[in-house]
Amino acid sequence: MDKEVELSSGEGEMAAQHISQPRRRKGGLITMPFIIANEALARVASIGLLPNMILYLMGSYRLHLAKATQILLLSSATSNFTPVVGAFIADSYLGRFLAVGFGSIISFLGMTLLWLTAMIPQARPPSCSHATETCKSATGGQMAMLYSALALMSIGNGGLSCSLAFGADQVYRKENPNNPRVLEIFFSWYYASSAISVIIALTGIVYIQDHLGWKLGYGVPAALMLLSTVFFFLASHFYVKNKKKTSLLTGFVQVIVVAYKNRKLPLPPRNSEELYHHKKDTDLDVPTDKLRFLNKACVIKDPEQDIASDGSASNRWSLCTVDQVEELKAIIKVIPLWSTGIMMSLNIGGSFGLLQAKSLDRHITSHFQVPPGSFSVIMVLTIFVWIALYDRVILPLASKIRGKQVRISAKTRMGVGLLFSFLHLVTSALVETIRRRRAMKEGYLNDAHAVLNMSAFWLVPQLCLGGIAEAFNAIGQNEFYYTEFPKTMSSVASSLSGLGMAAGNLVSSFVFSTIEHVTSRGGKEGWVLDNINKARYDKYYWVIAGVSALNIVYYLICSWAYGPTVDQVSKVSDENGLHEEELTQIGMINGVQDEK
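All of these numbers come straight from a predicted model, not from anything done at the bench.

Asker: Lay out the packing of helix α3 (residues 53–60) against helix α4 (residues 65–94) with the relevant residues and their values.
Answerer: Closest axis-to-axis distance for the α3/α4 pair is 10 Å, and the angle between their directions is 135°. As far as their axial angle goes, α4 and α3 are oblique. Between α3 and α4 the crossing geometry is right-handed. When α3 is examined against α4, the residues Met53, Ile54, Leu57 and Met58 are found in contact with a partner set consisting of Leu65, Ala68, Thr69, Ile71 and Leu72. For the contact of α3 with α4, the residue count by class is eight nonpolar, one polar and no charged.

As structure tokens, this is what we get:
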């Protein structure tokens, strides 16, 4: 009997231990290879389609340069705009897991459809008749198939863009003091894999398209996108799947409506925390002083009527939280500075760079020449090299000279990037002027397919300047948004730089159409022609270089009006006994506001 009691007691203890053992925590570094593989393969696939797309449109679809460039600019604008829509949907409804999953599937469908345009002869216009010297244009159905492929890839990119924030969800643990280091490791591997993917796309995929044709050149990206999707869903069981149940957009509208309703209501003193409605687990008890008119949306007029028994607002269209107000402020405050980044994407269009490289001598040896679509890899390598020099050489040397830690703020780096972007455009204008004069001198003004006796490596300086501009401005923008925004808006923060690129593509399309229309009035030959030797793209470059100079002045005004950023405020703050670097890292994770 005693043995039976002892046995049952032992079994009870084992059962209690089994029950008390926590279930395996999801997320963590185990998910990193799957998320990075998804992003890397997707980037190789999508970037690999871009460089030679202008040749596909002009060759297989018989489109003129102007029409093909417009299609690519609008497609690029859409691809850069959909991440913002995807971020709002992910943060408000679907959650980031479903956003990335659906994005992967839709991108694969788009790439498959594009591959089918190369595989199916009826999907493209027939070959030109050499006997009659006529070429048939693409039919409405053929163009619809092409547009559908581009549209699906753009929509898919909106979901895929959430992978950075989704990956950060996996490694972020609020209770883990080593979080900043883990998050830093993830970001480093993520960006490194992205850069390597771009290099592979601009070399390997472009080489396949140039030497093995469009069928294989578009089939390989579709296959890689399929692998990307499979890798992502393989680790579905291990992911942390946070799902947002409130809409950011609805919250923004509520703040505006309630602030307008309370426009005549006086604001209570800032030390009156009990008069501002805030969440129980929030770090924000009172709103910040910036954009104070919005603070009236979170003022409690009558606690008995405005606050429910559980502490929430009785009517969300009559009272908002401090967090809602600060989320809207974060968007409004960055709009002027964000708009300065539009200039980074204002250009003639990626198609011109490829045609320009194609017109130059690209030989490295007598038997090997660089594909024209691969020259963009110089810009990517420049970003790699410059970041390494900046982080490991320039800053440590400057710190040693000054005798204290030197760090350039994100806002300053954005401005430096705009300056290098201006130098990039000026250099591009000078190189194109020299190239065109060489074409005239060699008698190739009327020969659009001639290869000049001029090395394509004349393009290296402008590509290097463009890479440095991107390294300063793009990375500065991402850090700026992550630091200034609350963590609830991390997906939105990660997509804002892409939204600037979308706006830049739209402005580029508008400028392209305007210059083409204005310069060709009265039957004259305009600046935009299929024959780049006869066209005046040198003048085009000078125009957008002038706009870039004005944009720098605009940036200085916006930067002054914005005032100090979170990391600048944290630098002089010792409230938490942390160093500047630690405060910055915490700000990037938690979205520390001006109030801190």
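Past the structure itself, the notes keep going.
Asker: Give a description of the packing of aromatic side chains that names residues and reports values.
Answerer: Aromatic ring pairs: the centre-centre distance and the angle between the two ring planes describe each pair. Under the defined criterion, the tally for this structure stands at 21 aromatic pairs. With a centroid separation of 5.7 Å and an interplanar angle of 70°, the aromatic rings of tyrosine 56 and tyrosine 61 are classed as edge-to-face. Taking the relative accessible area as the measure of exposure, tyrosine 61 reaches 0% and is therefore buried. Its guanidinium or amino end placed over the ring of tyrosine 260, arginine 263 lies 4.1 Å from that ring's centre, counting from NZ or CZ. The aromatic ring of tyrosine 562 is capped on one face by lysine 290, whose charged end is 4.7 Å from the ring centroid.

Asker: Tell me what's going on with the nonpolar core, and back it up with residues and numbers.
Answerer: By size, the foremost hydrophobic cluster in this structure holds 67 residues, and its most contacted members are Met53, Leu57, Leu114, Tyr537 and Tyr540. In terms of residue count, the dominant contributor to this core is helix α2 (residues 32–49) (seven residues). Excluding anything up to four places from it in sequence, tyrosine 537 contacts Leu65, Ile348, Phe352, Glu432, Trp527, Val528, Leu529 and Ile532. Grouped together as the second largest cluster of nonpolar side chains are 43 residues, Val299, Ala330, Tyr481 and Leu499 included.

Asker: Report on a nonpolar patch on the surface, specifying residues and quantitative values.
Answerer: A surface patch of nonpolar side chains, about 830 Å² in accessible area, is lined by Phe81, Val85, Ile89, Tyr93, Leu94, Leu98, Phe102, Ile105, Leu109 and Phe233. For the nonpolar patch, the elements supplying multiple residues, two or more each, are α4 and α5 (96–119). With five residues, α4 is the single largest residue contributor to the nonpolar patch. Along the chain, tyrosine 93 turns up in helix α4.

Asker: An account of unusual backbone geometry is needed here, citing residue identities and associated values.
Answerer: Not every positive phi belongs to a glycine, and arginine 62 is a case in point at roughly 55°. Examined against the element boundaries, arginine 62 turns out to sit in the loop between α3 and α4. Residue arginine 62 is classed as partly exposed on the basis of its relative accessible area, which comes to 24%.

Asker: Help me get a handle on the pattern of salt bridges, residues and values and all.
Answerer: Tallying each qualifying case throughout the model produces five salt bridges. Note that glutamate 326 and lysine 329 form a salt bridge whose closest N and O atoms lie 3.3 Å from each other. Of this pair, glutamate 326 and lysine 329 are both found in helix α12 (residues 322–340), three residues apart, which corresponds to roughly one turn of the helix. Each member of the pair, glutamate 326 as well as lysine 329, carries the same accessibility label: buried. Salt-bridge contacts for arginine 435 lead to glutamate 432; the nearest nitrogen and oxygen are separated by 2.9 Å.

Asker: Kindly report on the environment of glutamate 442, identifying the contributing residues and their values.
Answerer: In this structure, glutamate 442 sits in the loop between α15 (410–441) and α16 (460–484). Judged by relative accessible area, which is 27%, glutamate 442 ranks as partly exposed. Along the primary structure glutamate 442 and leucine 452 are separated by 10 residues, whereas in three dimensions their C-alpha atoms are 7.6 Å apart. If near-sequence neighbours (up to four positions away) are discounted, glutamate 442 is found in contact with Leu452 and Asn453. Of the polar contacts made by the side chain of glutamate 442, one reaches the backbone nitrogen of asparagine 453; its length is 3.2 Å.

Asker: Could you give an account of the confidence of the model for the protein chain, naming the residues involved and the relevant values?
Answerer: Here the protein chain averages 80 in pLDDT, and 84% of its residues register 70 or above. Highest mean pLDDT in the protein chain belongs to helix α18 (residues 537–562) (92); lowest belongs to helix α20 (residues 580–590) (37). Within the model, pLDDT remains below 50 along residues 1–22, and this stretch shows zero contacts once partners closer than five positions in the same chain are excluded. Low confidence marks residues 574–596, where pLDDT is under 50. Its contacts with residues over four positions away, or in another chain, come to 52 contacts.

Asker: Can you break down the environment of arginine 413 residue by residue, with the values?
Answerer: Mapping arginine 413 onto the fold places it in helix α15. Sequence separation between arginine 413 and glutamine 477 is 64 residues, and the spatial gap between their C-alpha atoms is 8.3 Å. Contact partners of arginine 413, with chain neighbours within four places excluded, come to Tyr390, Arg407, Ile408, Phe472, Asn473, Ile475, Gly476 and Glu479.

Asker: So what's going on with the environment of glycine 101? Which residues, and what values?
Answerer: For glycine 101, the position within the fold is in helix α5. Remark: the alpha-carbon pair of glycine 101 and phenylalanine 233, spanning 132 residues in sequence, is separated by 7.4 Å. With residues up to four places along the chain from it excluded, the contact list for glycine 101 reads Phe232 and Phe233.

Asker: How would you explain the side chain of serine 399 if you had to name every residue and give the values?
Answerer: By the secondary structure assignment, serine 399 is in helix α14 (residues 377–402). A relative accessible area of 13% places serine 399 in the buried class. Residue contacts for serine 399: discarding those within four places in its chain leaves Lys404, Gln405 and Val406.

Definitions and limits used
- Residues numbered from 1 in each chain as written.
- Predicted model: local features only at pLDDT ≥ 70, side-chain atom pairs only at ≥ 80, totals over all residues.
- Heavy atoms only, no water.
- Axes fitted to C-alpha atoms, helices over the stretch in contact; angles between N-to-C directions.
- Helix = DSSP H or I, 4+ residues; strand = E, 2+ residues; numbered from the N terminus.
- Parallel < 35°, antiparallel > 145°, perpendicular 65-115°, else oblique.
- Left-handed = near helix turned anticlockwise from the far one by under 90°.
- Contact = heavy atoms within 4.5 Å.
- Nonpolar A, V, L, I, M, F, W, Y, C, P; charged D, E, K, R; others polar.
- Phe/Tyr/Trp six-rings, centres within 6.5 Å; stacked < 30°, edge-to-face > 60°.
- Buried < 20%, exposed > 50% of the residue type's maximum accessible area, 1.4 Å probe, protein only.
- Lys NZ or Arg CZ within 6 Å of the ring centre and 35° of its normal.
- Core = buried A, V, L, I, M, F, W, Y, C linked by side-chain atoms within 4.5 Å.
- Patch = residues over 30% accessible without salt bridge, like charges linked within 9 Å, V, L, I, M, F, W, Y side chains within 5 Å.
- Areas by Shrake-Rupley, 256 points an atom, 1.4 Å probe, with all protein chains shown as cover.
- Salt bridge = Lys/Arg side-chain N within 4 Å of Asp/Glu carboxyl O.
- Polar contact = N/O pair within 3.5 Å; in protein donor to acceptor, adjacent residues only side chain to side chain.
- pLDDT = per-residue confidence, 0-100.

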